[in-house]
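Here is how the chains run, residue by residue.
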2 protein chains.
Amino acid sequence: MEKIKVLTVGAGAVGAYFTGRLAQTGKAEVSVVVRSDYGTVKKNGFHILSECGDFDFLPAGVYRTAEEYPDIPDYVILTSKALPQIDEPALIRGAVKSSRTTIVLIQNGIGIEDAVAEAFPENEIISTIAYIGATRTAPGIVRQKGSSELKFGRFGGGDSIAGRLLAELYQGTSVKASFVENIAYFRWVKLLWNLPYNPVSVLGGGLDTKEMSDRGPVETLCRELMEEVRLVAAACHVELPPELVEQNIEYTRNFPPYKTSMLVDFEAGRQIEVEAILGNVCRLAERHGLSVPRMRACYTLLSALDRKHREKRPG
Amino acid sequence: MEKIKVLTVGAGAVGAYFTGRLAQTGKAEVSVVVRSDYGTVKKNGFHILSECGDFDFLPAGVYRTAEEYPDIPDYVILTSKALPQIDEPALIRGAVKSSRTTIVLIQNGIGIEDAVAEAFPENEIISTIAYIGATRTAPGIVRQKGSSELKFGRFGGGDSIAGRLLAELYQGTSVKASFVENIAYFRWVKLLWNLPYNPVSVLGGGLDTKEMSDRGPVETLCRELMEEVRLVAAACHVELPPELVEQNIEYTRNFPPYKTSMLVDFEAGRQIEVEAILGNVCRLAERHGLSVPRMRACYTLLSALDRKHREKRPG
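1. Details of the pairing of strand β3 (residues 46-50) of chain B
Residues and elements named next belong to chain B.
Move 1: Of all five residues that make up β3, four are buried, and the element is covered over most of its length.
Move 2: Bridge count between β3 and strand β4 (residues 55-57): three bridges; the pairing is antiparallel. Note that in β4 the partner of H47 across the bridge is D56.
Move 3: Linking β3 back to β4 in an antiparallel pair, the connection comprises four residues, with G53 at a positive phi of about 115 degrees.
Move 4: In terms of strand pairing, β3 meets strand β9 (residues 141-154) through four bridges, oriented parallel. What sits directly across from S50, in β9, is Q144.

2. Describing the interface of chain A and chain B
A common way to report how large an interface is uses the accessible area buried once the components associate.
Move 1: Taken together, the contact pairs 21 residues of chain A with 21 residues of chain B.
Move 2: Counting the surface lost from both chain A and chain B, the interface buries some 1,900 Å², and carbon and sulfur atoms represent 68% of this.
Move 3: It is T300, L301 and K308 of chain A that lose the most area in chain A upon contact with chain B, and together they represent 27% of the buried surface on that side.
Move 4: Linking chain A with chain B are two salt bridges, by the criterion used here.
Move 5: With its nearest N and O atoms 2.7 Å apart, the salt bridge here joins K308 of chain A to E211 of chain B.
Move 6: Applying the counting rule to chain A against chain B returns six residue pairs in polar contact (both at pLDDT 80 or more).
Move 7: Top contributing element to the side of chain A that touches chain B by residue count: helix α12 (residues 293-312) of chain A, with 11 residues.
Move 8: Partitioned by chemical class, the residues of the side of chain A that touches chain B number 12 nonpolar, four polar and five charged.

3. Details of the pattern of salt bridges
Opposite charge on two side chains permits pairing when their charged atoms draw close.
Residue and element names in this part refer to chain A.
Move 1: This model, assessed by the stated rule, comprises 46 salt bridges over all chains.
Move 2: The salt bridge involving E311 is made with K308; its shortest N-O contact spans 3.8 Å. Placement of the pair is E311 and K308 together in helix α12, with a separation of three residues, close to one helical turn.
Move 3: Overall, the relative accessible area of 55% leaves E311 in the exposed class.
Move 4: A relative accessible area of 12% places K308 in the buried class.
Move 5: One network of salt bridges, with partners in common, ties together K81, D265 and R270.

4. Focus: the environment of N44 of chain B
Residues and elements named next belong to chain B.
Move 1: By the secondary structure assignment, N44 is in helix α2 (residues 38-44).
Move 2: When its relative accessible area of 45% is taken as the criterion, N44 is described as partly exposed.
Move 3: In the structure, N44 is positioned 257 residues away from L301 in sequence and 42 Å away in space, judged by C-alpha atoms.

What counts and how
- Residues numbered from 1 in each chain as written.
- Chains lettered and ligands numbered in written order.
- Predicted model: local features only at pLDDT ≥ 70, side-chain atom pairs only at ≥ 80, totals over all residues.
- Heavy atoms only, no water.
- Buried < 20%, exposed > 50% of the residue type's maximum accessible area, 1.4 Å probe, protein only.
- Helix = DSSP H or I, 4+ residues; strand = E, 2+ residues; numbered from the N terminus.
- Pairing = 2+ DSSP bridges.
- Contact = heavy atoms within 4.5 Å.
- Buried area = accessible area lost by both parts, 1.4 Å probe.
- Salt bridge = Lys/Arg side-chain N within 4 Å of Asp/Glu carboxyl O.
- Polar contact = N/O pair within 3.5 Å; in protein donor to acceptor, adjacent residues only side chain to side chain.
- Nonpolar A, V, L, I, M, F, W, Y, C, P; charged D, E, K, R; others polar.

Next up, the structure:
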């Protein structure tokens, strides 16, 4: 059987881990587009330290841009951060030369598919949610902790042969992968946690999950932010059951203390995903005429804080 | 004429400046209670660098505690910061031995008189608002910029001979002093500026007044916070005219950029006045059943940030 051709664009820790696991199956030929770590990855590939087994991921091809990829890929998997200055269509355009290429977006937040969907109306888009703890600890080195999961779904909802096939490819790996027909629902469910806890962890001066589980004002603010998320989701025809709010509170209370990914990025001086997590949701609220005062206050403060913080740090 | 006896307790930059100007008139004998700078002040007094004229302020007596003060003062002037762990009655009790001593509170915020009023029901309390830019640049050294103003008023409202006398003592000095019958109004007016701009400057990562005048989301948040202040003030029978909101926005836009006092304190690693500026107002809102979501979100985030920030800094 011919191998399935995959091109991973923006292969950071998350991209390297997930598509490295795909390469391990032997059923996919995975190439990567990397920028900052190009030299190291070209020479040595990725070395991945994982609680589910360390492994080396030697991509079939290592490129600086998508244009350099010589083939028509079956899948282009974009795993860059969702940041406003990133022109996602431009990042992948060079490799999306045929309508039979499926575009897979592995990113956080809401509204992250819009630009790509508009730029490539002929291509199927698989919106993907990743549940993973992975960090790039040095060029080409990725450390992954705990379990990892991928949920694939057709952007816009419904069935997808390409989406199901991708999920099946992960069978037998340590990645729990599934295809769902209502990916938007799961995206909002993930946001229900991300929207309160990520911004509050940063705005509160560096709070870990334990510190946000104060059974007091911070938890109350997180709860109220979740209710605002439910309101916007409902306007977008996604009903988030009310009990999810308390489930998130309980989960956060009982999990060993950890820093949110946004806090980790912030403390490392990296730009944080303010727009994908907060901005797009505030704009949806506005479009539907909904009042989300806490969310909007956090959005305003976090945008300013993110800008100031990066101004203060060189680079 | 016998000199009026004044004891200044907690003589930081603001206390030293204002009561130093009082001593300069020759009509008041001003002693001070100081803690951290006791040695320097005992030896050399205060050296005050002011745009309205430098001067030395040599207090009649310098004490470590109010108990050491040997007399019955006409005025005890408390100028410490309004912080929850400061037991204000305890700070002045040693000097308030008679009901003819007037207690003057020069502090920011709302609800800052309650503890002292309860502890000394027989004494008249003069609630005072200070408008000043003054910093302690070294032990015993104070730098004052721009104009300075004091508004005295009887706590609870109405006339006060002691309050009027104090305002009159400032006649001929560079301090613009006045007595008002409705000090609560002016306190809320000052809060209308302080409540948005102080917290937003800190939560936004260190924004100066120019950066907060963005004609965009930050200004909008400040405007909305002011509307929440107006709501609480109205419930406390203080009507803040709606046009004050836009006046504050205009003032802030047009003033040369500066850092709020809360931001200055925060950046110096000092505890900030979260309770006097935000906490007490949120509690008033709660008592009156008012929804102030942005104010409460800022209160929660700023409390957490203040705590975390000081945890991270030694001392």
